Amino acid sequence: MLRYDYDSLTTLAAVVREGSFESAARALQVTQSAVSQRIRALEEKVGSVLVVRGRPCVPTEAGLQLCRHVEQVTLLQHELADRMDALFGSEDTTTATIRIGVNNDSLATWFPGVIKRAAQELRIRFDVLPDDQEHTERSLKSGDALAVVTAMEDPVQGCRRVSLGSMEYIAVASPEFYQNHFANGVTLDTLALAPCLAFDRKDSIQDQWMSLCFGETTPLSAHLVPSYEGYIACCLNGTAWGLVPGIAGWEHVKGGRLVELSHGKSVKIALHWQASTQTSEILRRLSDLVLEEAKIYLLPDAFRPA
């Protein structure tokens, strides 16, 4: 069984986190030569390349497994420090970093509350991997994240799932856009002629909404805007119509800045929190905190752990 040098493992994690040997050296306050020597020695010991050098540097499968191990050990050390503080009445100010995957709409609406509370109550720093809610679980399966917010209901092997509730999406457009494109009503024919917004090529929520409203879909002409802020801005300035989270969208509708395309027809995406069961008490406490924040903002669903 290989015994790993944890200075080298920490260095590997820093290279992957910071994206380069130079940035890792600055973060660790060592020379770039020292970083290179540690990575080279670790690769020789493992007998495999651990980091693909580039801009940014990315881990190989073996490197990713070692990085995940370092994160788990760091969490355990963080918890041990908490217990020792309780025994001796001292207070530790160190923080632990957790890499998680969060869908972009949650990250832009309700999840910042989780980040704030986790920093204050658990002394956690997050390394967030943003993606669409239907694809965040890939980072969990690959070991790149210890926990994710995802639309995937089936638990990933080795993980615990908690249902958070549903995020509501409403189809909206600016009043001017609505008048120009839907003066005669919102139909599949008028939708086909009106530009819409999509987050990226994986975004299928427009088809879900059309199926809900009309029982079928039609090809759309879409602007790809992979930014929550940019997406909302394009709805507000009349670039196109789109589906936005009700958390933010209803305020604009009530203020007259946006018009709902079909009253009472909203897409509800069930979200889940999946976290590794092989790590620490901190992840369990973080899971509880995520659920508490989700209950405030998401539509009630099956709030029960699986």
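On a predicted model such as this, the values are computed, not experimentally measured, just so you know.

Novice: Looking at this structure, I do not really get the pattern of salt bridges. What am I missing?
Specialist: Between side chains of opposite charge, a pair can form when the charged atoms approach closely. One pass over the structure, following the stated rule, counts nine salt bridges. The closest approach of N and O atoms between R17 and E18, which form a salt bridge, is 3.5 Å. Since its relative accessible area comes to 41%, R17 is described here as partly exposed. The partner of R117 in a salt bridge is E292, with the nearest N and O atoms 2.8 Å apart. Within this pair, whereas R117 is found in helix α6 (residues 111-122), its partner E292 is found in helix α13 (residues 281-297), the two being separated by 175 residues in sequence.

Novice: Sorry, what's going on with the pairing of strand β3 (residues 96-103) here?
Specialist: The two faces of the sheet receive side chains in turn, since in a regular strand these alternate between them. The element β3 is extensively covered by neighbouring structure, given that seven of its eight residues are classed as buried. Here β3 runs beside strand β5 (residues 147-150); their pairing, made up of two bridges, is parallel. Within the sheet, the bridge partner assigned to I100 lies in β5 and is A147.

Novice: Whenever I open this one, the environment of D203 confuses me. Can you help?
Specialist: Note on placement: D203 falls in the loop between β7 (196-198) and α10 (205-214). In the structure, D203 is positioned 23 residues away from P226 in sequence and 9.9 Å away in space, judged by C-alpha atoms. Here the side chain of D203 touches F199 through a polar contact of 2.8 Å, landing on its backbone nitrogen.

Novice: Would you mind going over the nonpolar core with me for this structure?
Specialist: Here is a general trend for soluble globular proteins: nonpolar side chains tend to be buried in one another's company. By size, the foremost hydrophobic cluster in this structure holds 60 residues, and its most contacted members are W110, L164, W209, W241, W273 and L286. Top contributing element to this core by residue count: strand β6 (residues 159-173), with eight residues. In this view, L286 contacts I98, V114, A118, L122, F126 and W273; residues no more than four positions away in its chain are not counted. Listed in part, the 18 residues of the second largest apolar core include L9, A14, V16 and I39.

Novice: Is there a simple way to explain the packing of α6 against α13 in this structure?
Specialist: What describes two packed helices is the angle between their axes and the distance between those same axes. Orientation of α6 relative to α13, taken along the N-to-C sense of each, is 140°, at an axis distance of 10 Å. Classed by the angle they form, the pair α6 and α13 counts as oblique. By crossing handedness, the relation of α6 to α13 is classed as right-handed. Between α6 and α13, the residues in contact are F111, G113, V114, R117, A118, E121 and L122 and I282, R285, L286, L289, V290, E292 and E293, respectively.

Novice: Looking at this structure, I do not really get the side chain of S276. What am I missing?
Specialist: In this fold, S276 is placed in strand β11 (residues 266-276). Given a relative accessible area of 8%, S276 falls into the buried group. When neighbours within four sequence positions are excluded, S276 is seen to be in contact with R68, Q72, L146, G158, C159 and L283.

Novice: What exactly am I supposed to notice about helix α11 (residues 228-236) here?
Specialist: The periodicity of an α-helix, 3.6 residues per turn, causes residues three or four positions apart to be oriented the same way. Among all positions of α11, only Y228, Y231, I232, C234 and C235 are buried. For α11, the buried positions fall inside an angular range of 160° around the axis, keeping them on one side. The secondary structure elements touched by the buried residues of α11 are α5 (104-108), β6, β7, α10, β9 (242-245) and α12 (246-254). Looking one or two residues past α11, G238 carries a phi angle of roughly 85°, positive in sign.

Novice: Is there a simple way to think about α12 in this case?
Specialist: If you check which residues of α12 are buried, you get G246, A248, G249 and H252. The arc that holds the buried residues of α12, viewed along the axis, is 165°, so those residues lie on one side. Opposite the buried face of α12, at more than 90 degrees from it, the exposed residues are E251 and K254.

Novice: I tried to follow the confidence of the model for the protein on my own but got confused; where do I start?
Specialist: The predicted coordinates should not be examined in detail at positions where pLDDT is low. For the protein, the average pLDDT comes to 88, and 89% of its residues sit at 70 or higher. In this model residues 302-306 is a low-confidence stretch, pLDDT under 50, and it forms 13 contacts with partners more than four residues away in sequence or in other chains.

Quick notes on the rules
Residues numbered from 1 in each chain as written. Predicted model: local features only at pLDDT ≥ 70, side-chain atom pairs only at ≥ 80, totals over all residues. Heavy atoms only, no water. Salt bridge = Lys/Arg side-chain N within 4 Å of Asp/Glu carboxyl O. Buried < 20%, exposed > 50% of the residue type's maximum accessible area, 1.4 Å probe, protein only. Helix = DSSP H or I, 4+ residues; strand = E, 2+ residues; numbered from the N terminus. Pairing = 2+ DSSP bridges. Polar contact = N/O pair within 3.5 Å; in protein donor to acceptor, adjacent residues only side chain to side chain. Core = buried A, V, L, I, M, F, W, Y, C linked by side-chain atoms within 4.5 Å. Contact = heavy atoms within 4.5 Å. Axes fitted to C-alpha atoms, helices over the stretch in contact; angles between N-to-C directions. Parallel < 35°, antiparallel > 145°, perpendicular 65-115°, else oblique. Left-handed = near helix turned anticlockwise from the far one by under 90°. Arc of directions from axis to C-beta. pLDDT = per-residue confidence, 0-100.

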